[in-house]
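Spelled out, the chains give:
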Amino acid sequence: MKNIVVIGAGTMGNGIAHTFAQTGFKVNLVDVSNEALEKGLKTITANLDRIVAKGKLTEEQKSSTLANISTFTKLEDAAPNANLIVEAATENLDLKLKIFRQMDELAPENCILATNTSSISITKIASVTNRPEKVIGMHFMNPVPIMKLVEIIKGYSTSGETFEAVYEISKNLGKTPVEVNDYPGFVANRILMPMINESIETLYNGVAGVEEIDTVMKLGMAHPMGPLQLADFIGLDVCLAILNVMYDGFKNPKYAPNPLLVNMVTAGKLGVKSGEGFYDYSESKKAEKVSKMFLPK
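### Some thoughts on the packing of helix 8 (residues 188-204) against helix 11 (residues 236-250)
Interhelical geometry of helix 8 versus helix 11 gives an angle of 110 degrees and a closest axis separation of 10 Å. Classified by the interaxial angle, the pair formed by helix 8 and helix 11 is roughly perpendicular. Every pair of crossing elements has a handedness; the one defined by helix 8 and helix 11 is left-handed. Here Asn189, Arg190, Met193, Pro194, Ile196 and Asn197 of helix 8 lie close against helix 11, whose contacting residues are Cys239, Ile242, Leu243, Met246 and Phe250. Across the contact of helix 8 with helix 11, the residue classes tally to eight nonpolar, two polar and one charged.

### Here we look at helix 5 (residues 93-106)
Between its first and last C-alpha, helix 5 extends 20 Å over 14 residues, near the 20 Å set by a 1.5 Å rise per residue. Of all the residues in helix 5, the buried ones are Lys96, Leu97, Ile99, Phe100, Met103 and Asp104. The buried residues of helix 5 all sit within an arc of 165 degrees when viewed along its axis, so they share a single face. In helix 5, the exposed residues that point more than 90 degrees away from the buried face are Asp94, Lys98 and Glu105.

### Some points on unusual backbone geometry
Omega for the bond connecting Asn142 with Pro143 falls within 30 degrees of zero, at 0 degrees, which places this linkage in the cis form. With respect to the helices and strands, the residue Pro143 is situated in the loop between strand 6 (135-140) and strand 7 (149-154). Phi is positive for Ala222, close to 60 degrees, though the residue is something other than glycine. Of note, Ala222 is situated in the loop between helix 9 (210-221) and helix 10 (227-234).

### So, the pairing of strand 2 (residues 26-30)
Strand 2 sits mainly inside the fold: four of its five residues count as buried. Bridging between strand 1 (residues 3-7) and strand 2 involves five bridges; their strand directions are parallel. For Val6, the partnering residue across the bridge sits in strand 2 and is Leu29. Regarding topology, helix 1 (residues 11-22) serves as the crossover connection from strand 1 to the parallel strand 2, and that connection is right-handed. Bridge count for strand 2 against strand 3 (residues 69-72) is four bridges, and the pairing is parallel. Considered in strand 3, the bridge of Leu29 is made with Thr71.

### A short note on the nonpolar core
The biggest cluster of nonpolar side chains holds 33 residues, and the ones touching the most others in it are Ile4, Ile16, Phe20, Val27, Leu84, Met138 and Phe140. When residues no more than four places from it in sequence are discounted, the contact partners of Val27 are Ile4, Val6, Ala17, Phe20, Ala21, Asn68, Ile69 and Ser70.

### Describing the pairing of strand 1
Within strand 1, four of the five residues are buried, leaving the element largely enclosed by the surrounding structure. In terms of strand pairing, strand 1 meets strand 4 (residues 84-87) through four bridges, oriented parallel. By the bridge assignment for strand 4, Ile4 is matched with Leu84.

How each quantity is defined
Residues numbered from 1 in each chain as written. Predicted model: local features only at pLDDT ≥ 70, side-chain atom pairs only at ≥ 80, totals over all residues. Heavy atoms only, no water. Axes fitted to C-alpha atoms, helices over the stretch in contact; angles between N-to-C directions. Helix = DSSP H or I, 4+ residues; strand = E, 2+ residues; numbered from the N terminus. Parallel < 35°, antiparallel > 145°, perpendicular 65-115°, else oblique. Left-handed = near helix turned anticlockwise from the far one by under 90°. Contact = heavy atoms within 4.5 Å. Nonpolar A, V, L, I, M, F, W, Y, C, P; charged D, E, K, R; others polar. Expected span 1.5 Å × (residues − 1). Buried < 20%, exposed > 50% of the residue type's maximum accessible area, 1.4 Å probe, protein only. Arc of directions from axis to C-beta. Pairing = 2+ DSSP bridges. Right-handed = clockwise from strand over helix to strand, strands pointing away. Core = buried A, V, L, I, M, F, W, Y, C linked by side-chain atoms within 4.5 Å.

Rendered as structure tokens:
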């Protein structure tokens, strides 16, 4: 299994492509526009430069990694020889179902179809294909080249053979794969998102400010990043989408998104990606300045 296709050149997609390519796999990176692909390759190159600067990669290895990546704007051109396709598009059910129908139609019969979804049912995604036994979840963590965890999620029909193949390829990437069953939010987000939502609830109710909440969790619970800063890093729109999936899946009010989160997403305050969320990123990508919306009046 040496030929990998990654769909989506955004944050997760370019990170997944980088990781496979650096490990020696041939990667076809697919997105809808050349502009998106160029931006993705620019990010991969910058990340490789940082690794080289730290002495953990040679210039030759960097060049080899980049040479392992080819770019395409059409899946039909990228998929004919694929052994594994990893979909890393936006966390939107309708979009993912559309992509998986295309993947199923265009990929070789023995190709495994994986999704990087952080919350959507693998069984649901697999249901629109003619190969549900070959559909599986590979939930990488951001930033992909650095984070070791991969949640390997089995759908209702995922075969043992498919699971073992993806488990082994994850280990070959230097990752730590963890077997997870197909329930809303899986493990990582089923635990993380209610914590983030409760942190927003705490802010919403005036219990403490943004920095105070994050400081308590960093110093009191030994978290490397406060929950509000982490929400900004993930993207508040992504947090909202995941909470909605869990709320729809469980019908339990504890997963209902806080109104403040809903309003911030509606207003386009999405965190780092938009330049403002709970913190202001207009001058720095680090959470050094609380958004003016949350400063004392």
